[in-house]
Amino acid sequence: MNNPEHGIAGFRLTEHTWMTELGNWIDAISPDGRRAGALLFDARLIGLPGVRERVVAAVLTDQRLVLGGLTGLIPVADVVAAGDQVWLLTGQAVSPTLADLLTTAPIEPAGAASALAETAQTLIALHAAGVTHGSVHPGTVVVTSEGAALLSERGLSDAIRGLVSPPERDAAGWAALARGLAASFVAWAPQAAQLFERAAGLAGTLGLAAARGALLAEQASLPGGTIGREGLARAARGRSAFAQPPAHAAAAALPPLPRDEGDIVTLLAPGRVWPGHPAPGHSGPGQSGSGLAGPEQAGRSGAVQFGPGVSTQEQRPATTAEQIWRSGRPEADTVQRGGGGAGGRRVRAARSRRWRTIGSTALFAVIMVGAVLAWFRLSDAPDLAIGSVDVKVAKKSYGCDATALVTGVVVTNGGSGVITYEWHKNLDDEVVKGTLQTRSDQTSYQLPLRWSLNGKATAKATATLRIVSPEPARTDKVSFTYKC
């Protein structure tokens, strides 16, 4: 594969793409035809010293967690380098996210409770394994066509910044998610909104287990009296064709390990770990060993080699297969042709390409370090960015001399900064301007507008929320009827 514009390492790329603090996510098709995802890391970040190694270490931890039976994460299939580009490839679709669904239509309380309960359970399991997520917000909660809520980008934000987030940061992100969902139910499901607010408060004081316990114990507060995925599943299927059942539920034939593709090389161990397929020498779930990542288990699936003398685990004698992979020699050439003739020339050419790739990547990193490192160290938190804007109105119709409650829900990437916004009303020239200070431990914010209408008239009122900064500008609007 030599054309990353349309594919990478056997994954076909689609036109649907979106930006995050990590880089550019793209909906993709895996080599065996399943819906998947591809993340092209921001070159300014992945090229910084140590970042690539930390990303690979985080991915290896995730793969062992999945093999150990944890089903709440988006499984990572591979991390590959193509010149100065680094790609993360997933074995499961990464869209739609909860942020996507919140921008289209209200989520039913039962489905919102299901997403909260499942993400809380996943975070509890991660913390028990000694790791954290580090960036919990609506944009990292993926909803499948079955309504399951899976967490993506586990550990990647921390790996980029060289941090280890405490469990309290995950709890704060989950609480902000719960409060953001509660805001959408205040008008038409107040008991559900109160339940989510209570759960958010418990997450910050007693922990995620207590918050999840409250959701399960007080299901009667939800319309219908129970937690359910059905509404969430319908919303996911309606939003994206890339919603699909969890990869761990489909143990069908997975693609074979790809051979070396010239300048495109895997950054994971030679024996790649696919969900449901234990790595060589791994006991697998249900046998001796938990399969969860820990310091004493690091590197069981093989050494991750970035260059001479740089490795994420202790050295051990390489197997024949690993020696073949590292030298770039196709097995057929090694067995049938030895090292001479045309086969030998291809071997030398492959090695030359690999060293050129390493050299160009190192040069790019050196050039970018001076420009980026100072900025990168200014703050542990990312620059403020807007993930989504969603505007809702409490009712669709109002009578004489009414006051409409319009609420804008803004989802951020967790950065600290100032949001500048404007409310525009189509029935008059008034523009309501305001600012909001965001915090690094919160990702969802409410911007309310109280619109008073009076007089005898029948009109369609439209409220438009415009986020002026940070750029790019974002807008969303909602309409309702005034009849008197």
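Residues numbered from 1 in each chain as written. Predicted model: local features only at pLDDT ≥ 70, side-chain atom pairs only at ≥ 80, totals over all residues. Heavy atoms only, no water.

Peer 1: Looking at this structure, I do not really get the state of the cysteines. What am I missing?
Peer 2: Note: disulfide means a covalent bond formed between the sulfur atoms of two cysteine side chains. As enumerated under the stated definition, the model contains 1 disulfide in all. Each disulfide pairs two cysteine sulfurs, and for Cys400 the partner residue is Cys484, the sulfurs being separated by 1.8 Å. Taking the sign of the S-S torsion, about 100° here, the bridge from Cys400 to Cys484 comes out right-handed. Taken together, the positions of Cys400 in the loop between β13 (397-398) and β14 (402-412) and Cys484 in the segment after β19 (474-483) put the pair 84 residues apart, joining distant regions of the chain. A residue is classified by how much of its surface remains accessible, and Cys400, at 45% relative accessible area, is partly exposed. (Disulfide = S-S within 2.5 Å. Helix = DSSP H or I, 4+ residues; strand = E, 2+ residues; numbered from the N terminus. Buried < 20%, exposed > 50% of the residue type's maximum accessible area, 1.4 Å probe, protein only.)

Peer 1: Help me understand the sheet that holds β14, please; the structure alone is not making it clear to me.
Peer 2: Across a sheet, paired strands are connected by hydrogen bonds in the backbone, their directions being either parallel or antiparallel. Strands sit in the order β12-β14-β17 across an open sheet of 3 strands; the sheet is antiparallel. Every other strand in the sheet has two partners, leaving β12 (386-393) and β17 (444-453) as the edge strands with one partner each. Taking the axes of each pair of neighbouring strands and ignoring which way they run, one obtains an average angle of 15° across the sheet. Here β12 pairs with β14 via 7 bridges, running antiparallel. Bridge pairing links Val391 to Gly408 in β14. (Pairing = 2+ DSSP bridges. Axes fitted to C-alpha atoms, helices over the stretch in contact; angles between N-to-C directions.)

Peer 1: Explanation requested: the confidence of the model for the chain in the structure shown.
Peer 2: When pLDDT drops low, the exact placement of atoms in the prediction is not to be read closely. In this model, the chain carries a mean pLDDT of 77, and residues with pLDDT of at least 70 account for 71%. Here residues 246-262 is modelled with pLDDT under 50, and outside its nearest four sequence neighbours on either side it reaches 35 contacts, counting other chains as well. Contacts of residues 270-343 to residues separated by more than four positions or lying in other chains number 120 contacts, the stretch itself having pLDDT below 50. (pLDDT = per-residue confidence, 0-100. Contact = heavy atoms within 4.5 Å.)

Peer 1: Can you help me understand the packing of aromatic side chains in this one?
Peer 2: One pair of aromatic rings is described through two measures. These are the centre distance and the angle between the planes. Per the stated rule, a full pass over the model turns up 4 aromatic pairs. For the ring pair Tyr398 and Phe480, a centre distance of 5.3 Å and an interplane angle of 75° mean the geometry is edge-to-face. One end of the pair, Tyr398, is in strand β13; the other, Phe480, is in strand β19, with 82 residues separating them in the sequence. Accessibility assignment for this pair places Tyr398 and Phe480 in one class, buried. Each residue in the set Phe185, Trp188 and Phe196 is aromatic and connected to the rest through ring pairs, giving one cluster. (Phe/Tyr/Trp six-rings, centres within 6.5 Å; stacked < 30°, edge-to-face > 60°.)

Peer 1: What is the right way to read the pattern of salt bridges from this model?
Peer 2: Inspection of every chain in the model, using the stated rule, returns 11 salt bridges. What emerges from the salt-bridge pattern is a single network uniting Lys425, Asp428 and Glu430. (Salt bridge = Lys/Arg side-chain N within 4 Å of Asp/Glu carboxyl O.)

Peer 1: Mind showing me how you'd approach helix α6 (residues 167-183) here?
Peer 2: Note: α-helices contain 3.6 residues per turn, so residues at a spacing of three or four share the same orientation. Along its 17 residues, α6 runs 25 Å from first to last C-alpha, staying within 8% of the 24 Å computed at 1.5 Å per residue. The buried fraction of α6 amounts to 12 of the 17 residues, a majority that puts the element mostly inside the structure. Of the surrounding elements, those touching the buried residues of α6 are α3 (98-102), α4 (109-128), β7 (141-143), α7 (190-205), α8 (208-217) and β17. (Expected span 1.5 Å × (residues − 1).)

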